[in-house]
Amino acid sequence: MTSTAELVGATLAELGVAQAFGVVGSGNFVLTNALRAGGVPYVAARHECGATVMADAYARMSDRLAAVSLHQGCGLTNALTGITEAAKSRTPLLVLAADTAGSAVTANFRIDQDAAVTAVGAVSERVHSPASAVADTVRAYRTAVHERRTVVLNLPLDVQAARAVPSPVAFPIAPQPVRPHADAVTALAAALRGSRRPVFVAGRGARHAGPELRALADAVGALLATSAVAHGLFADSEWSLGISGGFASARATSLIADADLVVGWGCALNKWTTKRGELLGGTVAQVDVDPAAFGAHNRCDLGVVGDVAQTAADVLTALDGYTQDGYRTAPVGPARLRDEPRTDRSTSDRIDPHTVSARLDDLLPRERIVSVDSGNFMGYPSAYLSVPDEHGFCFTQAFQSIGLGLATAIGAALAHPDRLPVAALGDGGFLMGVAELETVVRLGIPMVVVVYDDAAYGAEIHHFGADADLSTVTFPDTDLAALATGFGCTGLTVRTEADLTGVTAWLSGPRDRPLLIDAKLVSDGGSWWLAEAFR
Ligand SMILES: Cc1ncc(C[n+]2csc(CCOP(=O)(O)OP(=O)(O)O)c2C)c(N)n1
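Model, not experiment: these values are computed from the prediction. (Residues numbered from 1 in each chain as written. Predicted model: local features only at pLDDT ≥ 70, side-chain atom pairs only at ≥ 80, totals over all residues. Heavy atoms only, no water.)

Chemist: Help me understand the overall build of the chain in this model?
Modeler: Looking only at helices and strands, one finds 21 helices and 18 strands in the chain. Computed over its C-alpha atoms, the radius of gyration of the chain comes to 24 Å, within 12% of the 24 Å expected for a compact globule of 535 residues. Projected onto the principal axes, the alpha-carbon positions of the chain cover approximately 70 × 65 × 45 Å. Evaluated residue by residue, the chain yields a buried proportion of 57% over its 535 residues. A fraction of 74% describes how many contacts in the chain between residues 6 or more apart in sequence connect residues 24 or more apart. Carbon together with sulfur atoms contributes 54% to the accessible area of the chain, which is approximately 20400 Å² in total. (Helix = DSSP H or I, 4+ residues; strand = E, 2+ residues; numbered from the N terminus. Rg over C-alpha atoms; globule rule 2.2 N^0.38 Å. Buried < 20%, exposed > 50% of the residue type's maximum accessible area, 1.4 Å probe, protein only. Contact = heavy atoms within 4.5 Å. Areas by Shrake-Rupley, 256 points an atom, 1.4 Å probe, with all protein chains shown as cover.)

Chemist: Looking at this model, I keep getting lost on the packing of helix H9 (residues 210-220) against helix H12 (residues 308-319). Mind explaining?
Modeler: Axis separation between H9 and H12 bottoms out at 8 Å; the angle between their running directions is 30°. Between H9 and H12, the angle falls in the class roughly parallel. Here the hand of the crossing between H9 and H12 comes out left-handed. Contacts between H9 and H12 pair Glu 212, Leu 213, Ala 215, Leu 216, Ala 219 and Val 220 from the former with Val 308, Ala 309, Ala 312, Val 315, Leu 316 and Leu 319 from the latter. When grouped by side-chain class, the residues that make up the contact of H9 with H12 number 11 nonpolar, no polar and one charged. (Axes fitted to C-alpha atoms, helices over the stretch in contact; angles between N-to-C directions. Parallel < 35°, antiparallel > 145°, perpendicular 65-115°, else oblique. Left-handed = near helix turned anticlockwise from the far one by under 90°. Nonpolar A, V, L, I, M, F, W, Y, C, P; charged D, E, K, R; others polar.)

Chemist: When you look at the environment of Ala 228 in this model, what are you seeing that I'm missing?
Modeler: As for its placement among the helices and strands, Ala 228 is situated in the loop between strand S8 (223-226) and strand S9 (240-243). It is 8.6 Å that separates the C-alpha atoms of Ala 228 and Gly 245, two residues lying 17 residues apart in sequence. With residues near it in sequence (within four places) discarded, Ala 228 still touches Ile 243, Phe 393 and Phe 395.

Chemist: How should I be thinking about the layout of surface pockets in this particular structure?
Modeler: It is a probe the size of a water molecule, rolled over the atoms, that shows where empty space is left. Of the volumes computed, that of the second largest pocket is approximately 500 Å³. Lining the second largest pocket are 29 residues, and of these His 231, Ser 240, Leu 241, Gly 242 and Arg 336 lie nearest its centre. Those elements giving two or more residues to the lining of the second largest pocket turn out to be S9 and helix H14 (379-384). Element by element, the count of residues in the lining of the second largest pocket is highest for S9, at four residues. Class assignment for the residues of the lining of the second largest pocket results in 14 nonpolar, 10 polar and five charged. (1 Å grid on protein atoms, 1.4 Å probe; cavity = no way out; pocket = protein on both sides within 12 Å on 5 of 7 lines; lining within 4 Å. Points joined across faces, edges and corners; volume = space filled by probe spheres on them.)

Chemist: Where do I start with unusual backbone geometry in this structure?
Modeler: Glycine aside, the phi torsion of most residues is negative, and most peptide linkages are trans. We note that Leu 269 has phi near 50°; this positive angle belongs to a residue other than glycine. At Arg 511, a residue that is not glycine, the phi angle is positive and equals roughly 55°. One can find Arg 511 in the loop between helix H20 (501-508) and strand S18 (515-520).

So, in structure tokens, the structure goes:
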């Protein structure tokens, strides 16, 4: 091993980076090859934002550490939207960014990389010198994994090129899950005992705690719901209400709104999950490792600092065998949106988004992993496509950026190659992130890409209404199936339900090319959840 770049790559491999993504330029060429030489699989993306979102999605769906490798300056600025999404989501992620040498003050690639990444909520770290390279790398790793942060490790070119100074890697030992205070456990146990209609809403911080939450919910008769990012956590429970908030059915909404106690488990209970607080009529409790979460978006009557799994287990112990029926006196009934009666608005050449979503839910194998972009359409796949568990849904929407959905689906697919990856995108988000369609084809991922195609930025259309000048947000009809065929996909235009036979044909074939479904939509007049969000 000769250079410090190689030493850093080898150190990261030793620390257990499971998968790397990136776009390689001169500044990160040696480093990336060192990662690969250390046994870390690497995926070449076509845009740094895509690479970063793939790594974020991979980390979320696999619960393993992912890394992104970037060229200095413009490589990093291209990645900033993905870095922001990961930072806001508290995804443990290592972004390896080459940097110009401190002395290269006039370099074209020079920007203030520390300032750029701290501005979007990431932690900026740096390999300062050959002698400190291993310690600097371990520090970045520890912050990412143990503090659940998105860390950008800047690697100046002169330090990368300098002769390596090998030193042993001191593996940082993970901290214990946070144990709640005994008084807080007693208070939460008492609140649950006193509740006749408890509802648990599990969020990102509860994705690891399904068994503990189910056991506690069984004891106190709680109904179960999730935020969007934890969708699937209780998928096979008869007491599950699905996603709480804007994507919920009327039945689920009324049950949650009638709760006399809502417990947010590792869940911010933000305006999306609670319909701007309208679902929080009774007592509100929150369990979170971060006390800043309590009451951040809505009222919080009882805040318990603790790891969700640990807290649920401790509360169950505190109940000391006590059980009650609670909110489980009658079956929740059909709590899915797709079970609600509605009129199919499809025409002879445009399909209703409800209809295409319901039919795809029937056609696609249940062992699937669904990723969703942003836009008016996004409620349809989120509410209609059932998923097997919390590793079946990837929702990179903390920054509400359009254009991340396709890259999300790639990262998710690599985390669970046993599942059918489904990317659900609007035509706007698809065309913004389309460069990664080449990555899907090149990697041979058997993905189904569904484009909800209204030839418009539908969210804007429905926000501003028909009286506004909408020419800036409407586009000519584009043949997305032909475009995808050019990339090497199987392209399918869907205008009617009958056209979906093409999906059946693809599913029963070799699936050696991704399938892109260009669903030409009839206008929904603004989707139900968006209408409410803009109310
Ligand atoms: C990067 C970015 N640019 C702009 C926006 C504002 N925006 C939100 S939704 C949307 C339209 C998305 O269009 P499309 O993907 O076709 O989905 P639709 O709303 O039509 O269902 C836009 C431009 C955004 N959220 N992110």
